[in-house]
Amino acid sequence: MTIALIDYGAGNLRSVHNALVAAGAEHVAVTADPDVVGQADRIVLPGVGAFAACMNGLSAIPGLIEAMERRVRREGAPFLGICVGMQLLADAGEEHGRHAGLGWIGGTVRAFDPAPGLRIPHMGWNDVIPSFAHPVIAAGEAYYLHGYHFADAVDVAATSNHGAPFTAAVARDTIVGVQYHPEKSQAYGLATLERFLAWRP
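Okay, so let's go over this structure. All figures in this text were calculated on a predicted structure; none of them were measured in a lab. (Residues numbered from 1 in each chain as written. Predicted model: local features only at pLDDT ≥ 70, side-chain atom pairs only at ≥ 80, totals over all residues. Heavy atoms only, no water.)

Examining the pairing of strand S3 (residues 42-45)
Neither face of S3 is left uncovered, since the one carrying Arg-42 and Val-44 and the one carrying Ile-43 and Leu-45 both have all their residues buried. Across three bridges, strand S1 (residues 2-6) lies against S3 in parallel orientation. Across the sheet, Ile-3 pairs through a bridge with Arg-42, a residue of S3. Pairing between S3 and strand S4 (residues 79-82): three bridges, direction parallel. Across the sheet, Leu-45 pairs through a bridge with Gly-81, a residue of S4. (Buried < 20%, exposed > 50% of the residue type's maximum accessible area, 1.4 Å probe, protein only. Helix = DSSP H or I, 4+ residues; strand = E, 2+ residues; numbered from the N terminus. Pairing = 2+ DSSP bridges.)

Encoded structure:
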C-alpha cells in the first residue's frame, strides 16, 4: 500500500511521515508528482500556515489538484487532510481576504470570534467529540494549533470547543479531514492514523 504524502511547501512533512510509519505505513512517498499521486492507494494532505498561501502552493504544481480530484473523488482513494490540509477542503477561506478552496466539502474557513479571555490561536490539547460513528474518528483528546476554523461545514464528523463549538473533523465518502495534528497527538494521534490506514471505505 502506497501513501502519497503531498509536498507542496506547506506542511510539517517529516513529522507526518514519521507518524505514518509509526502507525504501520510501509511505503510513504513524499511527493508533488501528479503521476505518483494518481496511482497512490491513499493520500494525505498536511498543511500549516495561511489558507491562501497553502492553496496557492497546491495550485502552483501543474496537474496536482487534478490528480487528487481524479484519484479521490472519482476513483475513491481514501484521503486524509490535516489542519490547513483539512481547511483546504472548504469552498473558501477568509484569511487575508476571501480565497477559493478545493470545494470538496461545503463551508467557509473563518477566524475565531475574539472574546474576553479567549486565546487565539487556539493552541494545545482539547476534546474530539464525534458527531456520528466513523471508522477513522474516535472520541479523545488531540493537539490543536489554529486561529481559523471550518465554519458551517456540511459534513461535520467531530467537534471541539474554544469559546464556542467548532469543527474538529469532517468526513464524506472516502474523504476525512481533521483540524488537530495527529502527528503531535501522541497515542491518540497514532491511533487515528492507524484507523486511517486500516479504513476500507
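What to know about the nonpolar core
Leu-58, Leu-88 and Ile-137 are the most contacted members of the largest nonpolar core, which totals 66 residues. Once residues within four sequence positions are removed from consideration, Leu-88 is found in contact with Tyr-8, Leu-45, Phe-51, Cys-54, Met-55, Leu-58, Gly-101, Leu-102 and Gly-103. (Core = buried A, V, L, I, M, F, W, Y, C linked by side-chain atoms within 4.5 Å. Contact = heavy atoms within 4.5 Å.)

Examining helix H6 (residues 186-198)
Between its first and last C-alpha, H6 extends 18 Å over 13 residues, near the 18 Å set by a 1.5 Å rise per residue. Three or more residues of H6 are buried, namely Tyr-188, Gly-189, Thr-192, Leu-193, Phe-196 and Leu-197. (Expected span 1.5 Å × (residues − 1).)

Remarks on the packing of aromatic side chains
Throughout the structure, instances matching the rule amount to seven aromatic pairs. Here the aromatic rings of Tyr-144 and Tyr-180 are separated by 5.7 Å at their centres, their planes lie at 75°, and the arrangement is edge-to-face. Of this pair, Tyr-144 sits in strand S9 (residues 140-146) while Tyr-180 is found in the loop between strand S13 (175-178) and H6, placing the two residues 36 residues apart along the sequence. Just as Tyr-144 is buried, Tyr-180 falls in that class too. Ring pairing ties together the aromatic residues Phe-112, Tyr-144, Phe-166, Tyr-180 and Tyr-188, which thus form one cluster. (Phe/Tyr/Trp six-rings, centres within 6.5 Å; stacked < 30°, edge-to-face > 60°.)

Overview of the pattern of salt bridges
Pairing is possible between side chains of opposite charge, provided their charged atoms come close. This model, assessed by the stated rule, comprises six salt bridges. A salt bridge links Arg-71 to Glu-75; its shortest N-O distance comes to 3.0 Å. A salt bridge links Arg-98 to Glu-94; its shortest N-O distance comes to 3.3 Å. Residue classification places Arg-98 among the exposed positions, given a relative accessible area of 55%. A cluster of three or more residues bridged by salt bridges with shared partners is formed by Glu-94, Arg-98, Arg-110 and Asp-152. (Salt bridge = Lys/Arg side-chain N within 4 Å of Asp/Glu carboxyl O.)

Structural notes on the sheet that holds S9
What the nine strands build is an open sheet, ordered S2-S1-S3-S4-S13-S12-S11-S8-S9; its pairing is mixed. Both outer strands of the open sheet, strand S2 (27-31) and S9, are each paired with one neighbouring strand and no more. On average, each strand axis in the sheet is tilted by 25° relative to the strand beside it, whichever way the strands run. With respect to the sheet, helix H4 (residues 64-74) is in contact with S1, S3, S4 and S13, its orientation differing from that of S3 by roughly 135°. (Axes fitted to C-alpha atoms, helices over the stretch in contact; angles between N-to-C directions.)

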